[in-house]
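A look at the structure
One-letter residues, chain by chain:
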Amino acid sequence: MSIKEARSKGIAGEEMSGETLYLKAELCTEVTVDDVFLKDVAKVYCADPHVTAKVKAIKIHRFREKEQTRQVFSILKLIEMIQQACPNVSVENVGEMDVLVKRVNVNKNEGFIVILKIIFVAGISFFGTAFTIMAFHNDIGINKVFGKVYELVMGQAAANYTILELAYSIGLALGIIVFFNHIGGRRITKDPTPIEVEMRIYEKDVNNALIETADREGKTIDVS
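Figured I'd write up the structure that's included with this text. (Residues numbered from 1 in each chain as written. Predicted model: local features only at pLDDT ≥ 70, side-chain atom pairs only at ≥ 80, totals over all residues. Heavy atoms only, no water.)

1. Digging into the overall build of the protein chain
A tally of regular secondary structure across the protein chain gives eight helices and 10 strands. Counting the 224 residues in the protein chain, one finds 25% classified as buried. Across the protein chain, the fraction of contacts at a sequence separation of at least 24, relative to all contacts at a separation of at least 6, is 64%. On the protein chain, roughly 16,000 Å² of surface is accessible, and the fraction owed to carbon and sulfur atoms is 59%. (Helix = DSSP H or I, 4+ residues; strand = E, 2+ residues; numbered from the N terminus. Buried < 20%, exposed > 50% of the residue type's maximum accessible area, 1.4 Å probe, protein only. Contact = heavy atoms within 4.5 Å. Areas by Shrake-Rupley, 256 points an atom, 1.4 Å probe, with all protein chains shown as cover.)

Laid out in structure tokens, this is it:
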């Protein structure tokens, strides 16, 4: 019987030796259901689609009540599960060495609360930034600097606010917009904003810290 005929009759692809499966695990994955399958935490590729489908369907964990909502898996444990299901398949890991899985609860009734949180954070960010800018300008005495520059250029002291203050205010606003790469909900360029970059770095550092903590406490799900 040829390989093509065997596949058409449903013979499992793992029974054919020489297959290589590529596993690319993500550092952190969030799930909204109790059952966690391998397809939820990693991308899988194999030339044999039957092997790919079977590996994706492997259940690696089930979150239970009163259990921690975070679990860390060693990639070796995932490879062990794969080879138990497909003994003759060679696994090549091209992703992370450890996987953090978070069980999150999605409550559709929390929309109003989320909006309030967004408004609160936006208000704190706006007024905090405004206070910081004003405190900095007051500390360096920028009004005196503008007054001195105006007097040197015009030959007389400024009686009130001048074009310098206006131009500086407009330039400061434009600089902030360009720096954060946003005008309302639109991007100026396709590049990630500085806040997005810092948030990705922060998320990665937090995930690595959680993985290292679980490993030190012996809570990582690993091979025996």
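2. A word on helix α5 (residues 111-140)
For α5, built from 30 residues, the straight-helix expectation of 44 Å at 1.5 Å per residue is met to within 8% by its first-to-last C-alpha distance of 44 Å. Immediately downstream of α5, the backbone of G141 shows phi near 65°, a positive value. (Expected span 1.5 Å × (residues − 1).)

3. What to know about the packing of aromatic side chains
Tallying each qualifying case throughout the model produces three aromatic pairs. The interplanar angle of 85° and the centroid separation of 5.2 Å between the aromatic rings of F126 and F127 together place this pair among those described as edge-to-face. The two residues F126 and F127 agree in class, both being exposed. Here F146 and Y168 contribute two aromatic rings whose centre-to-centre distance is 5.4 Å and whose plane-to-plane angle is 65°, an arrangement assigned as edge-to-face. Of this pair, F146 sits in helix α6 (residues 142-154) while Y168 sits in helix α7 (residues 163-180); the two residues are 22 residues apart in sequence, bridging distant segments of the chain. Judged by its relative accessible area of 30%, Y168 falls in the partly exposed class. (Phe/Tyr/Trp six-rings, centres within 6.5 Å; stacked < 30°, edge-to-face > 60°.)

4. Points about the sheet that holds strand β7 (residues 90-93)
The three strands are arranged β4-β1-β7 in an open sheet whose pairing can be described as mixed. In this open sheet, the two strands that pair with only one neighbour each are β4 (42-46) and β7. Here the strands of the sheet are splayed against their neighbours by 25° on average, with no regard to which way each runs. Note that strand β1 (residues 20-25) and β4 share five bridges and pair antiparallel. Paired with K24 across the two strands is K43, which belongs to β4. In this fold helix α3 (residues 49-56) packs onto β1 and β4, with an angle of close to 160° to the strand it touches most, β4. Most of the contacts of helix α4 (residues 75-85) go to β1, to which it runs at about 145°, and overall it touches β1 and β7. (Pairing = 2+ DSSP bridges. Axes fitted to C-alpha atoms, helices over the stretch in contact; angles between N-to-C directions.)

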